[in-house]
Amino acid sequence: MKSKRFIAFLFLAVLLSSTFTCAGGGSAATPTPTPTPTPTPMPTPPAGYLTYTDEDNGFSFWYPDSWEQMEEVLEPFAVRFKSPAACVPAGGTGIVWSPWFGVWEPWYGLSLQDEFDDFNSGAEELEGYVSISVEELTINGVPAMKHVFTHYTGQAVQPGVAPHQTQRAVVMCAKAGKIFGLFCGAIPECWEENEPIFDTVIHSFQILD
């Protein structure tokens, strides 16, 4: 997987206000009060799910209440969760997998399409890469793109372990120039049973105002 490219971004907002005095000594115009926007509340999660909110990075999503938040979070992930259920690849590879998902820290960069294409160009270089599906989505009102694919892993992850297939769903979404990456992973043998969970997490994802 290609490393995420962080691009420095500086945003400066300047608010200019002025009052005008009418000729003949009239009083200053009374400024019109600006209403305070009301944040959209996160919907109540379905049974068996809890809400995770990261106010610092500006996102929120639902996750299964039985899944464990991982203490060790590798950069550039902001958070990762794993299933309590383990999966064993076919063929006796000597490794036990726990399905997982995580969210990248937000970044500013190219357009959503360009960032998505840039990631996919790296994914295509993975050993045994096979694309399953690519689609455009709208998640809670923001544009998103999803890529599901398989590739081989093993030796690079754990020396002495025979290569085996892993399946991933990668979703990128963007709002106001801020881009997020959501990753879901499992071996093909237990993908189908975890896919509804991944879909719930993905479609509950919200970029906070």
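Above: the structure in question.
Residue positions are counted from 1 within each chain, in the order its sequence is given. Note on the predicted model: pLDDT of at least 70 is required for a residue's local features to be given, and 80 or more for side-chain atom pairs to be given and counted; whole-chain, interface and lining totals, by contrast, use all residues. Think of the side-chain values as coming from all heavy atoms in the structure, minus any hydrogens and water.

Enquirer: Help me understand helix α1 (residues 112-123) in this model?
Expert: For an α-helix, 3.6 residues make a turn, and residues three or four places apart therefore share a direction. Put simply, DSSP H or I for four residues or longer makes a helix, DSSP E for two residues or longer makes a strand, and each gets a number counted from the N terminus. Helix span is expected to be 1.5 Å times the residue number reduced by one. Here α1 contains twelve residues, and its C-alpha end-to-end distance of 16 Å stays within 8% of the 16 Å for a straight helix at 1.5 Å per residue. Whether a residue is buried, partly exposed or exposed follows from its accessible area with a 1.4 Å probe, protein chains only, as a fraction of its type maximum: under 20%, in between, or over 50%, in that order. Three or more residues of α1 are buried, namely L112, E115, F116, F119, N120, G122 and A123. Down the axis of α1, the buried set is contained in an arc of 155°. They therefore lie on one face. Elements that come into contact with the buried residues of α1 comprise β5 (100-104), β6 (107-108), β7 (130-139), β8 (142-153), β9 (164-175) and β10 (178-186). Arc definition: directions from the helix axis to the C-beta atoms. Between two residues, a contact is recorded if the distance between any of their heavy atoms is within 4.5 Å.

Enquirer: Help me understand the state of the cysteines, please; the structure alone is not making it clear to me.
Expert: Put plainly, two cysteines are in a disulfide when a covalent bond ties their sulfur atoms together. A pair of cysteine sulfur atoms is labelled a disulfide when the two atoms are within 2.5 Å. Going through the model one piece at a time under the given rule, you end up with one disulfide. A disulfide bridge connects C87 with C190, and the sulfur atoms are separated by 2.3 Å. Given an S-S torsion of about 120°, the disulfide between C87 and C190 has right-handed geometry. Taken as a pair, C87 in the loop between β4 (77-82) and β5 and C190 in the loop between β10 and α2 (191-204) lie far apart in primary sequence, 103 residues in all. Summarising the burial analysis for this pair, C87 and C190 share the class buried.

Enquirer: Can you walk me through the pattern of salt bridges in this structure?
Expert: Side chains bearing opposite charge may pair, as long as their charged atoms lie close to each other. Basic side-chain nitrogens of Lys or Arg form a salt bridge, by our definition, when they fall within 4 Å of a carboxyl oxygen of Asp or Glu. Taken as a whole, this structure holds two salt bridges when the rule is applied. K146 is the salt-bridge partner of D199, the closest N and O atoms lying 3.4 Å from each other. Of the two residues, D199 is situated in helix α2 and K146 in strand β8; the sequence distance between them amounts to 53 residues. The buried category is assigned to K146, whose relative accessible area is 9%. Where D209 meets K175, a salt bridge forms, and the shortest distance between an N and an O atom there is 2.5 Å. Of this pair, D209 sits in the segment after β11 (206-207) while K175 sits in strand β9, and the two are 34 residues apart along the sequence. A relative accessible area of 30% places K175 in the partly exposed class.

Enquirer: Teacher, can you tell me more about the nonpolar core here?
Expert: Note on soluble globular proteins: their nonpolar side chains tend to be buried together. If you look at the biggest cluster of nonpolar residues, it comprises 50 residues, and the most contacted ones within it are F61 and F205. When sequence neighbours within four positions are dropped, the list of residues in contact with F205 reads F59, S60, F61, V103, I139, N140, C173, F180 and L182. Nine residue types can take part in a nonpolar core, namely buried Ala, Val, Leu, Ile, Met, Phe, Trp, Tyr and Cys, and a core is a set of them joined through side-chain atoms within 4.5 Å.

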